[in-house]
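Letter by letter, the chains look like this.
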Amino acid sequence: MHSTLRRGTVYGTLLNHADALAALGPAVHAPPYKAPPKAPVLYIKPRNTWAGEGDAIVVPAGESQLEIGATLGLVIGRTACRVREQEALSFVAGCVIVNDVSVPHASYYRPSLRFKARDGFCPIGPFVAFETLGSVDALQVQVEVDGVIVHRSSTAGLLRPAARLLCEVSEFMTLSPGDVLMLGVAAGAPLARAGQRVGILIDGLGRLGNTLVAEEVGA
Amino acid sequence: MSRLARVAFGGAIHSAVPHARGLQLADGRVLAEDQVVWLPPFEVGTIIALGINYADHAKELAKELTIGAKDEPLAFLKAPNSLIGHRGFTRRPADASFMHYECELAVVIGRSAKSVNRADALAHVAGYSVANDYAVRDYLENWYRPNLRVKNRDGGTVLGPWLVDAAEVPDPHTLELRTLVNGKITQRGNTRDLINDVPALIEYLSSFMTLSPGDVILTGTPEGVAGVNVGDEVVTEIDGIGSLHSTIVGDDAFGR
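Please read all numbers here as calculations on a predicted model, not as lab measurements.

J.: Tell me about the overall build of chain B, and please be specific about residues and values.
T.: Broken down by element type, chain B carries three helices and 19 strands. Relative to a compact globule of 256 residues, whose C-alpha radius of gyration would be 18 Å, chain B shows 18 Å and is just as compact. Out of the 256 residues in chain B, the part that is buried amounts to 50%. By sequence separation, contacts in chain B at least 24 residues apart represent 74% of the contacts at least 6 residues apart.

J.: Hey, could you go over helix α3 (residues 162-169) of chain A for me, with residue numbers and the actual values?
T.: Residues and elements named next belong to chain A. Listing the buried residues of α3 in full gives A162, A163, L165, L166 and V169. The buried residues of α3 all sit within an arc of 165 degrees when viewed along its axis, so they share a single face. Buried residues in α3 make contact with β1 (10-14), β2 (41-45), β6 (70-76) and β12 (180-182).

J.: Before we move on, could you go through the sheet that holds strand β16 (residues 184-190) of chain B and cite the residues and values that matter?
T.: Two strands in a sheet stick together by hydrogen bonds in their backbones, pointing the same way (parallel) or opposite ways (antiparallel). Residue and element names in this part refer to chain B. Spatially, five strands are ordered β9-β19-β18-β15-β16 in an open sheet, and the strand pairing comes out mixed. The open sheet is flanked by β9 (88-91) and β16, the only strands paired with a single partner. Strand-to-strand twist in this sheet, taken as the mean axis angle between neighbours without regard to direction, amounts to 25 degrees. The pairing of β9 with strand β19 (residues 242-249) spans four bridges and is parallel. Directly across from R91, in β19, lies its bridge partner V249.

J.: Break down unusual backbone geometry for me, citing the residues and quoting the values.
T.: A cis amide bond links P31 of chain A with the next residue in sequence, P32 of chain A, at an omega value of 5 degrees. With respect to the helices, strands and loops of the structure, P32 of chain A is situated in the loop between α1 (18-22) and β2. Its identity is not glycine, yet L15 of chain A carries a phi of approximately 55 degrees, on the positive side. Along the chain, L15 of chain A turns up in the loop between β1 and α1. A positive phi angle, close to 50 degrees, is found at N182 of chain B, a residue other than glycine. When you line up the elements, N182 of chain B lands in the loop between β15 (176-181) and β16.

J.: Requested: an account of the interface of chain A and chain B, with residues and values cited.
T.: Each partner contributes residues to the interface: chain A has 30 residues there, and chain B has 25 residues. At four residues, β2 of chain A tops the list of elements feeding residues into the side of chain A that touches chain B.

What counts and how
Residues numbered from 1 in each chain as written. Chains lettered and ligands numbered in written order. Predicted model: local features only at pLDDT ≥ 70, side-chain atom pairs only at ≥ 80, totals over all residues. Helix = DSSP H or I, 4+ residues; strand = E, 2+ residues; numbered from the N terminus. Rg over C-alpha atoms; globule rule 2.2 N^0.38 Å. Buried ≥ 20, exposed ≤ 12 C-beta atoms within 10 Å, placed from the backbone. Contact = placed C-beta atoms within 7 Å. Arc of directions from axis to C-beta. Pairing = 2+ DSSP bridges. Axes fitted to C-alpha atoms, helices over the stretch in contact; angles between N-to-C directions.

This is the structure:
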């Protein structure tokens, strides 16, 4: 994180990749969803989930694998309330790589906090100033497991690109300096198990690496 | 400390305690309730809220529940943008047809809690407060319910007036709650009817997430939620904890 910005709230964005929504197929029209999402679908990664480069990600007892959710996070630089799409990116101080870790789960209707809010489930990489990136609308995002690239996506595949997302989110909630807004994870997020090393690489942002470890039962 | 508020007055933020004429700042000044700006009564960390945690409210919502009763508590998260203090103003969007209050007991964590047993849970509680967890029902979608556009709107989580020390509340499960809209009682309940009581919630949450001092659990609301309109004065109160006031304003107050 930028030295002058204290981290605020970390927001995840669900199904913002066209392929992630498409992967649900006709299910989006069936119960319990009944219709595709209209507004951005958001959730919060609370402070107990925050971690950094190199930190261990604990695979809870009873789970064999975790989903590695690779995404870019926009770091807000100044208070953003009802920002227009055309000026939205001027409210962004910089970007970070976020590993939005989840216990794999099938339903997005009312997922349990247990799936996304566990301790250490949100490693966040170093801050890169926005002006050094220029644009975040066509960056390649890669996930490696034990050094092998297993997943590739691009921020070009977003239903709501960064500026549009900020505009729509800030219509009903004010984002403050230090808040992080993830752009969203692409379809087919890879799985990894205890003992494996995972890395997320994003153009211009470098790499965020972590290792999965098994939970010590009874600890 | 038995009960504390945080208020803004005379260009600074102060800690305050109750006084016969209103409240008293730590520096000795005695002020009327309407002379200060009331802030949420403590530095708030993670905000965890419960859906459908009173048996009667579950029945009330039965029509729109598309899943059956579950053993696991329905918990979701909110963020500080939504917080507002006692006597604050909350916006009701003009396009909304149903915005409602929710009177809730707020449980404030005082000691780090990880994998805490039910028997030890209350030792991790610093104190209690009152919350009014407004929802704008029109924006409810079936993705990550209740979605943030319903529940995490600016100024939609009223908290206060006081943080009441846990020592003053020997049993948090015998507290009468009620909501008054323009002086008329519209909601009544008692924390004895919580489906997941306070120790159960701390045990459940701390089984996968470390709770830290300042984290707050909004324990859910009983039946009797009703719509609010611009100009309404809404009071959510819990006996022994506090009486939390809130005013509904329109888009025009925000230049919309």
